[in-house]
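Analysis of the macromolecular model
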Amino acid sequence: MQLPLPKGIDATKVLESIDPAKDVDGFHPVNAGRLASGDLDRALVPCTPAGSMILLRRAAEKLGVKLAGLDAVVVGRSNIVGKPMAQLLLAENCTVTVAHSRSRDLPGVVGRADVVVAAVGRPEMIAGDWIKPGAIVIDVGINRIPAPEKGLDAQGRAKTRLVGDVAFAEAKTRAGAITPVPGGVGPMTIAMLMANTLTAAERAARR
Ligand SMILES: NC(=O)c1ccc[n+]([C@@H]2O[C@H](COP(=O)([O-])OP(=O)(O)OC[C@H]3O[C@@H](n4cnc5c(N)ncnc54)[C@H](OP(=O)(O)O)[C@@H]3O)[C@@H](O)[C@H]2O)c1
């Protein structure tokens with residue numbers, strides 16, 4: 001199922017009609033429940049958080065740090081990114097905080113984090129100087145902003161460019177590792193869709 005669906009179609013009904021064993025997006029309540037209860041061997045995990053975890057594990061390995069016990073902050077609590085990301089971090093034994101639009105003192109919350117996952121959808125909202133020196137930053141956000149410096153398109157409108165939820169140039173000077181936008185989490189999401197498809201096929205073959 002490709003979201004969003006056209007108006008008038010109930011996405012929940014369509015989603016629940018998918019066989020959980022073929023739910024390669026990991027959005028079916030059975031897979032969400034398995035992830036929430038820590039049954040990672042049977043869950044199909046949503047692609048963006050699954051890909052983010054691979055980037056995070058590799059960054060931690062390169063920096064020589066163990067994820068267990070680190071303070072992780074996920075900014076955003078959507079069902080497709082924020083919540084499953086928080087559960088995966090918990091499964092890695094991080095101490096997890098989930099921040100959202102009602103959170104108080106976001107700079108302070110982010111500033112205490114060894115791991116920051118930004119999944120908000122607001123261009124460069126997380127300032128570079130919020131980042132704790134050495135923190136690992138996974139920027140999930142994909143935001144298109146006007147880029148007048150690139151000139152005009154065929155319709156005479158200003159061209160655009162993609163930025164993340166984190167002010168990359170500034171954050172890069174403080175972070176131990178940071179994912180770029182574009183070219184960071186986005187390609188991992190696509191790769192994980194393939195990985196989930198393979199996992200689902202292997203499980204079906206074993207059954
Ligand atoms: N790289 C990829 O492959 C990939 C995949 C999926 C999504 N994305 C991108 O990731 C971003 C998030 O996607 P999503 O689907 O999770 O978005 P979403 O469903 O719109 O959720 C956004 C979350 O951000 C929170 N938020 C909004 N304004 C905030 C603020 N000022 N301070 C703190 N939190 C705030 C919201 O809080 P409330 O819950 O309180 O409203 C909500 O939980 C978007 O840019 C999207 O394009 C990228």
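Our structure is the block above this text.
Residues numbered from 1 in each chain as written. Predicted model: local features only at pLDDT ≥ 70, side-chain atom pairs only at ≥ 80, totals over all residues. Heavy atoms only, no water.

A few words on the overall build of the protein. A count of helical and extended segments in the protein gives seven helices and seven strands. When the elements of the protein are put in sequence order from the N terminus, they spell out α-α-α-β-α-β-α-β-β-β-β-α-β-α. Its C-alpha radius of gyration of 18 Å places the protein within 12% of the 17 Å reference for a compact globule of 207 residues. Across its three principal directions, the C-alpha atoms of the protein cover 55 × 50 × 30 Å. Counting every position in the protein, which comprises 207 residues, the buried fraction comes to 38%. Restricting the contact set of the protein to residue pairs at least 6 apart, pairs at least 24 apart contribute 56%. With the model as given, the accessible surface of the protein reaches about 11600 Å², and the carbon-plus-sulfur share is 55%. Of the side chains in the protein, 26 bear a positive and 20 a negative charge, and the two mean positions are spaced by 2 Å. (Helix = DSSP H or I, 4+ residues; strand = E, 2+ residues; numbered from the N terminus. Rg over C-alpha atoms; globule rule 2.2 N^0.38 Å. Buried < 20%, exposed > 50% of the residue type's maximum accessible area, 1.4 Å probe, protein only. Contact = heavy atoms within 4.5 Å. Areas by Shrake-Rupley, 256 points an atom, 1.4 Å probe, with all protein chains shown as cover. Lys, Arg positive; Asp, Glu negative; His and termini not counted. Charge placed at Lys NZ, Arg CZ, Asp CG, Glu CD.)

Below, the discussion takes up unusual backbone geometry. Where the residue is not glycine, phi is negative for most of them; where a peptide bond is considered, it is trans in most cases. Residue P4 follows L3 across a cis peptide bond; omega there is -5°. Mapping P4 onto the fold places it in the segment before helix 1 (11–16). Look at the link from V181 to P182: it is a cis peptide, with omega at 0°. When you line up the elements, P182 lands in the loop between strand 7 (177–178) and helix 7 (185–206).

Before going further, it helps to examine the nonpolar core. By size, the foremost hydrophobic cluster in this structure holds 27 residues, and its most contacted members are L56, L67, L89, V115 and V117. Only helix 3 (47–63), strand 1 (71–75), helix 4 (82–91), strand 3 (115–118), strand 4 (136–139) and helix 7 provide two or more residues apiece to this core. When residues in this core are grouped by element, the largest group, six residues, is from helix 3. If you look at the next biggest cluster of nonpolar residues, it comprises 18 residues, including V75, I126, I131 and A171. (Core = buried A, V, L, I, M, F, W, Y, C linked by side-chain atoms within 4.5 Å.)

Note on placement: D39 falls in the loop between helix 2 (29–36) and helix 3. A relative accessible area of 22% means that D39 is categorised as partly exposed.

Inspection of the secondary structure puts A11 in helix 1. Residue classification places A11 among the partly exposed positions, given a relative accessible area of 28%. With 91 residues separating them along the chain, A11 and R102 place their C-alpha atoms 26 Å apart. If we skip the residues at most four places from it in the chain, A11 touches M1, L3 and L5.

Further remarks concern the side chain of H28. With respect to the secondary-structure elements, H28 resides in the loop between helix 1 and helix 2. Taking the relative accessible area as the measure of exposure, H28 reaches 8% and is therefore buried.

Turning our eyes to something else, we now look at the site of the ligand. Close to the ligand lie 22 residues; R77, S78, S101, I142 and T189 are nearest. A distance of 2.5 Å separates an oxygen atom of the ligand from a polar atom in the side chain of S78. The leading source of residues in the shell around the ligand is helix 7, at three residues. Taken together, the residues of the shell around the ligand break down into ten nonpolar, ten polar and two charged. (Near = heavy atom within 4 Å. Polar contact = N/O pair within 3.5 Å; in protein donor to acceptor, adjacent residues only side chain to side chain. Nonpolar A, V, L, I, M, F, W, Y, C, P; charged D, E, K, R; others polar.)

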